[in-house]
Amino acid sequence: MERRTILKTTAALAMAMGLMAAPALAQETLKIGAVGPKTGPLAGGAAVTHWPNIALWSKEVNERGGIDVGGTKYMVEVIEYDDQTNPAETIAAVTRLATQDGADFILAPYSTGLNLAAAPIFDRFGYPQITSTASTDRVAELSGQFPNLFFLLGQNSQIVGNAVDILSKLRDAGEMGNKIAMVNVADAFGIELAATAKPIFEGAGFELVYETSYPLGTPDLSPVMKAAKAAEPDAFIAWSYPPDTFGLTEQAIIEDLNVKVFYTAVATAFPAFKGRFGAAAEGIMGIGGVNAESASFQDYAARHTAATGAAPDYWASGMMYASLQILEQAITGAGTIDRAAVAQYIKDNSFDTVMGPVDFDENNNNPAYWTVGQWQGDAFRGVASTGREGAVAPMLKAGWK
Amino acid sequence: MDILITGLFLGGAYALIAMGLNLQYGIARIMNLANGEMLVFGGFAAFWMYTAAQVSPLLTVFLVAPAAFAMNWVIYSVMLRPLVRRARSRGQLEVDAILATFGLSFVSVGIMLALFGGDYFNYSYLARPITLAGDTYALNRATAFVAAVLICAAVYLWLNLSRPGLSIRAIAVAPDSARLVGIDVPRLAALAFALGGAITATGGALLSMFFTLDASTGVIFTLKALVIVIMGGVGDVRGTIVAALALGILETFVAAVIDPGLTLAAAYLLFIVILLFRPQGLFGRRGA
C-alpha cells in the first residue's frame with residue numbers, strides 16, 4: 001500500500017510540475033502540413049521539385065527564429081505525408097492534417113491532378129492552397145468554385161501559345177521550315193497539351209507531318225523517333241513526362257534527328273537532364289525556364305544546393321519556393337494565423353519572391369510566369385514568358401554533338 | 001528487318017526482367033511481388049558506381065550478381081522458408097508468399113527511398129548509334145540484348161546439362177516426389193530463389209543504361225515479368241524467352257506499323273489470346 005501511495009504521489013507531483021512547467025517552456029509553433037508523392041509514378045519529379053523546397057524553407061525559417069506573427073515568433077513544424085501519387089491518398093492525408101493533426105496551414109500538394117483532387121478538401125476546411133505545380137486552363141472556373149485556391153505556375157494555353165510563337169518567329173525569319181512532328185504521352189497532361197497545341201499550330205500555318213501518342217512508361221521509344229525522323233520535320237515537339245522526356249532525347253541522339261527545334265516538356269528543366277546528356281542538351285527547348293542571371297534566383301539556387309545537396313530545377317522549383325515565401329509573408333503581413341485573413345491578404349497584396357514579384361489577379365492567378373526555356377550553356381534559360389524580365393533570345397538546335 | 005531487330009532488343013530486355021521471376025516462381029514456388037524492387041536495386045547500384053567512380057555497368061554486374069544472390073538467399077532463408085514449412089498445400093503457400101512479398105516490396109521501396117532518395121537514377125552509357133543491316137540502333141540496347149542471350153543460354157544449359165539443374169527441374173515438375181529420390185529440396189529451392197534474384201538484379205543493372213528508374217518504379221517491372229512468366233508457362237525457361245521475344249516484337253511491330261498508342265493494348269490482347277487457348281502458358285504443363 002505504502003509503495004503504491006508513493007508512486008501515486010510521485011506521479012501526481014510529476015504531472016503537476018509538468019503542467020506548471022508547460023507554459024514556461026512552450027515555444028510557439030506553427031504546424032505545417034505537407035502532402036506529396038514519395039512513392040508512385042510522380043515520386044521522381046516530387047523528389048526534385050516538391051520536397052527539397054519544403055526542407056529548405058522550414059530549415060531557413062527556424063534558423064532565423066521563426067515566422068513573425070504580430071510580434072510573436074512561431075517556429076514551424078512540418079508534418080509530412082506520402083500520398084503515393086494517388087488522389088484518394090492525397091485527399092485522405094489533407095483531411096487527416098486538418099482534422100486530426102490540427103495543422104495551422106497545409107502546403108499545396110504536387111502536380112495538377114493531385115492539387116485539383118485536394119482542392120475541395122482545402123476549401124471545406126478553409127485552408128489557402130497556393131499551388132506551384134498545377135497548370136490548367138480552368139483557373140477562372142476553379143478559383144470561382146474554390147476562392148482560396150491560387151495558381152503560380154501558369155496556364156496551358158499560354159505555355160503552348162508561347163512555344164508556337166517562338167517557332168513562328170523562327171520560321172518567319174527564314175531560319176526553319178514549316179513541318180512539325182508532335183508526339184504526346186497518353187496521360188491527362190500530354191493529351192490536354194497536344195489537344196491545345198494542334199489547332200494553334202495549324203492556325204499559325206504549320207504542317208503537322210507526324211503526330212502520335214504513346215502510353216506512359218513505354219519501354220522503347222525508338223519506333224516513335226524513327227517514324228518522326230522519316231517524316232523529315234523541321235521541329236520536334238513532345239508533350240512528355242519525365243521517363244519519356246529522357247527516353248525521347250536519347251533516341252533522338254541515336255537517330256541523329258536533324259531538326260532546328262527540339263522541344264520536350266516536363267523534366268527538360270531538371271539539372272539531371274543536363275547531367276545525363278551533357279553537350280547534347282545544348283539548344284533543347286522545354287517547358288519553363290527562369291531568369292538564370294537574376295541575383296535572387298542564383299542566391300536561391302546556391303542555398304538550395306547547400307541545404308539539400310541538389311540544385312533546383314529551372315521551372316517549378318523556384319515557384320514552389322515562392323509559394324512558401326508567399327505563405328510566410330502573408331502570415332506575417334496579416335499578423336495572425338487566422339486562415340481566412342491570411343487568404344485575403346494573399347489576394348490583396350503583392351509579394352517579393354525568388355522568381356520576382358508576384359501579384360495575383362482577380363482569378364487568383366499569377367499572370368507573369370515563364371513558358372518556354374532552352375538549355376544554353378550551363379543553365380536552362382527562359383526564352384519566353386508572360387511578363388517576366390530577363391528572357392534570352394532562342395537559338396536553333398545545331399546537331400547533337 | 002528494322003522492326004525485327006528493334007523488337008528482338010526489346011524482347012531481350014523483357015527476358016532479363018522476367019527470367020529471375022520464372023526461377024523464383026517456377027522452382028522455389030514463391031510468387032515474388034518484390035521482384036521489381038530487386039531490379040531497381042541492381043539499376044541503382046549501376047547508377048551509383050557509374051556516377052561515383054565511372055565504373056561501367058557491364059563491370060558492376062559482377063558485383064551486383066553475388067550481392068543480390070546473397071541477399072536473396074537470406075530473404076528466402078529468414079522470411080520465406082517458414083512459410084514453405086507451414087504451408088499445407090501449394091495454394092496456401094502461394095497466398096502466403098504473395099502477401100509476404102507484397103509487404104517486402106513496400107519495405108524495399110522504403111529502404112531505397114531512405115538510402116538513395118526519390119530522385120531518378122539518371123546517367124548515359126553507350127548511348128551511341130550502331131548500324132546493323134543498314135539501320136541505326138542504340139548500342140546500350142544491343143549490349144543488353146547480348147547479355148540477355150548469354151544469361152538465358154547459361155541458365156538453360158545449366159538447367160539441362162548439370163546435376164543440380166536436373167534436380168531443380170525435378171522440383172519444378174514434382175516437388176513432393178523429388179524429396180523421395182534424395183533431392184535436397186529446401187537447399188535447391190533456396191538456390192533457385194537466390195539465383196532468380198541475382199538474375200533480376202543483373203538485369204536491372206543492364207537495363208538502367210537506357211531505362212530511367214527511380215525507387216518506386218519496381219512495380220511496373222513486376223507486372224511485366226508476371227505477364228511474361230504466365231504467358232510463357234511457369235517453370236519453363238524456354239517459355240519465358242519465347243514469350244519475352246514475342247512481346248517485344250509485337251509491341252515494336254504495333255508501334256511502327258499501326259500506332260505507338262496501341263502497344264499496351266496489343267500486349268494485353270496477346271496475353272488474353274494465349275491464356276484463352278493455352279491457360280497453362282506456351283510451354284506450361286497442364287494441371288501444374
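Worth saying up front: this structure is predicted, and the values here are computed from it rather than measured. Along each chain, residue indices are assigned from 1 in the same order as the chain's sequence is written. Going through the entries in the order they are written, you letter the chains from A and number the ligands from 1. Side-chain atom pairs in this predicted model are given and counted only at pLDDT of 80 or more, local residue features only at pLDDT of at least 70, and totals for whole chains, interfaces and linings cover all residues.

Side note on helix α5 (residues 112-125) of chain A
Residue and element names in this part refer to chain A. Numbering of helices and strands starts at the N terminus; helices are DSSP runs of H or I of at least 4 residues and strands are runs of E of at least 2. Multiply 1.5 Å by the residue count of a helix minus one, and that product is the helix's expected span. Taking 1.5 Å of rise per residue, 14 residues should cover 20 Å, and α5 covers 20 Å from first to last C-alpha, within 8% of that figure. With C-beta atoms placed from the backbone, a residue is buried if 20 or more other C-beta atoms are within 10 Å of its own, exposed if 12 or fewer are, and partly exposed between those counts. Within α5 the residues assigned to the buried category are L114, N115, L116, A118, A119, I121 and F122. Each residue gets a C-beta atom placed from its backbone, and two residues are in contact if those atoms lie within 7 Å. Those residues of α5 that are buried lie in contact with α4 (87-99), β4 (105-106), β5 (129-131), α6 (139-145) and β6 (149-151).

A few points about the packing of helix α3 (residues 57-86) of chain B against helix α4 (residues 90-116) of chain B
Residue and element names in this part refer to chain B. For helices, the fitted axis covers only the stretch in contact; all axes are lines through C-alpha atoms, and the angles between them, taken along N-to-C directions, range from 0 to 180 degrees. Following both chains from N to C, one finds α3 and α4 inclined at 160 degrees, their axes separated by 9 Å at the closest point. The orientation of α3 relative to α4 falls into the category roughly antiparallel. Handedness of the α3/α4 crossing: right-handed. Residues M79, L80, L83 and V84 of α3 touch α4, and the partners they reach there are L93, D96, A97 and A100. Its residues assigned to classes, the contact of α3 with α4 shows seven nonpolar, no polar and one charged. Under this scheme an angle from 65 to 115 degrees is roughly perpendicular, one under 35 degrees roughly parallel, and one over 145 degrees roughly antiparallel; angles in between are oblique. A crossing counts as left-handed when the near helix is turned anticlockwise from the far one by less than a right angle, and as right-handed when that turn is clockwise. For this scheme, ten residues count as nonpolar: Ala, Val, Leu, Ile, Met, Phe, Trp, Tyr, Cys and Pro. Four count as charged, namely Asp, Glu, Lys and Arg, and the remainder, Gly too, count as polar.

Here we look at the nonpolar core
Throughout this description, the term nonpolar core refers to a group of buried Ala, Val, Leu, Ile, Met, Phe, Trp, Tyr and Cys residues whose C-beta atoms join them within 7 Å. One finds F236 of chain A together with L16, A18 and I228 of chain B to be the most contacted residues of the largest nonpolar core, which totals 223 residues. For this core, the element with the most residues is helix α8 (residues 185-207) of chain B, which contributes 13 residues. Here this core gathers at least three residues from each of two domains, domain 1 (29-155 + 293-370) and domain 2 (156-292 + 371-385) of chain A. With residues up to four places along the chain from it excluded, the contact list for F236 of chain A reads A181, A228, A252, L257, V259, F262 and Y263 of chain A. Annotation comment: domain bounds sourced from an automatic or database domain assignment.

Describing the interface of chain A and chain B
Contact with chain A, which involves 34 residues of that partner, is made by 31 residues of chain B. When contributions to the side of chain A that touches chain B are tallied by element, the ones reaching two or more residues are α2 (43-49), β8 (207-214), α9 (222-230), α10 (242-255) and α11 (271-277) of chain A. Per-element tally for the side of chain A that touches chain B: the top contributor is α10 of chain A, with eight residues. Residues of the side of chain A that touches chain B, tallied by class, amount to 18 nonpolar, ten polar and six charged.

Description of the environment of A178 of chain B
Residues and elements named next belong to chain B. Inspection of the secondary structure puts A178 in helix α7 (residues 175-180). Judged by the 20 C-beta atoms lying within 10 Å of it, A178 is buried. Distance in space between the C-alpha atoms of A178 and L245 is 32 Å, their sequence separation being 67 residues. Non-local contacts of A178, meaning those with residues more than four positions away in its chain, are made with A170, I171, I183 and V185.

What to know about the domain arrangement of chain A
All names here are of chain A. Its domain assignment divides chain A into domain 1 (29-155 + 293-370) and domain 2 (156-292 + 371-385). Taking the mean C-alpha position of each, domain 1 and domain 2 sit 29 Å from one another. Every contact between the two is made by 22 residues of domain 1 and, on the other side, 23 residues of domain 2. Contributions of two or more residues to the side of domain 1 that touches domain 2 are made by α2, α5 and α13 (316-334). Among the elements that line the side of domain 1 that touches domain 2, the one with the most residues is α2, at three residues. In terms of residue class, the side of domain 1 that touches domain 2 is made up of nine nonpolar, ten polar and three charged.

Observations concerning the sheet that holds strand β1 (residues 29-36) of chain A
Residues and elements named next belong to chain A. Whether two strands pair comes down to DSSP finding at least two bridges between them. Reading across from one edge, β2-β3-β1-β4 is the order of the four strands in this open sheet, with mixed pairing throughout. A single partner strand is all that each edge strand has here, and the edge strands are β2 (67-69) and β4. Direction of pairing for β1 relative to β4: parallel, over a ladder of two bridges. Looking at β4, one finds that G33 is bridged to I106. Sheet contacts for helix α3 (residues 51-63): β1, β2 and β3 (72-82); angle to β3, the most-contacted strand, approximately 160 degrees.

Comments concerning the pairing of strand β7 (residues 179-185) of chain A
Residue and element names in this part refer to chain A. The element β7 is extensively covered by neighbouring structure, given that six of its seven residues are classed as buried. Where β7 meets β8, seven bridges bridge the pair, whose relative direction is parallel. Paired with M182 across the two strands is E211, which belongs to β8. The parallel pair β7 and β8, bridged by helix α8 (residues 188-203), forms a crossover whose chirality is right-handed. Judged from the five bridges that link them, β7 and strand β9 (residues 235-239) form a sheet pairing that is parallel. By the bridge assignment for β9, V183 is matched with A238. Viewed with both strands pointing away, a crossover whose connecting path from the first strand over the helix to the second turns clockwise is right-handed.

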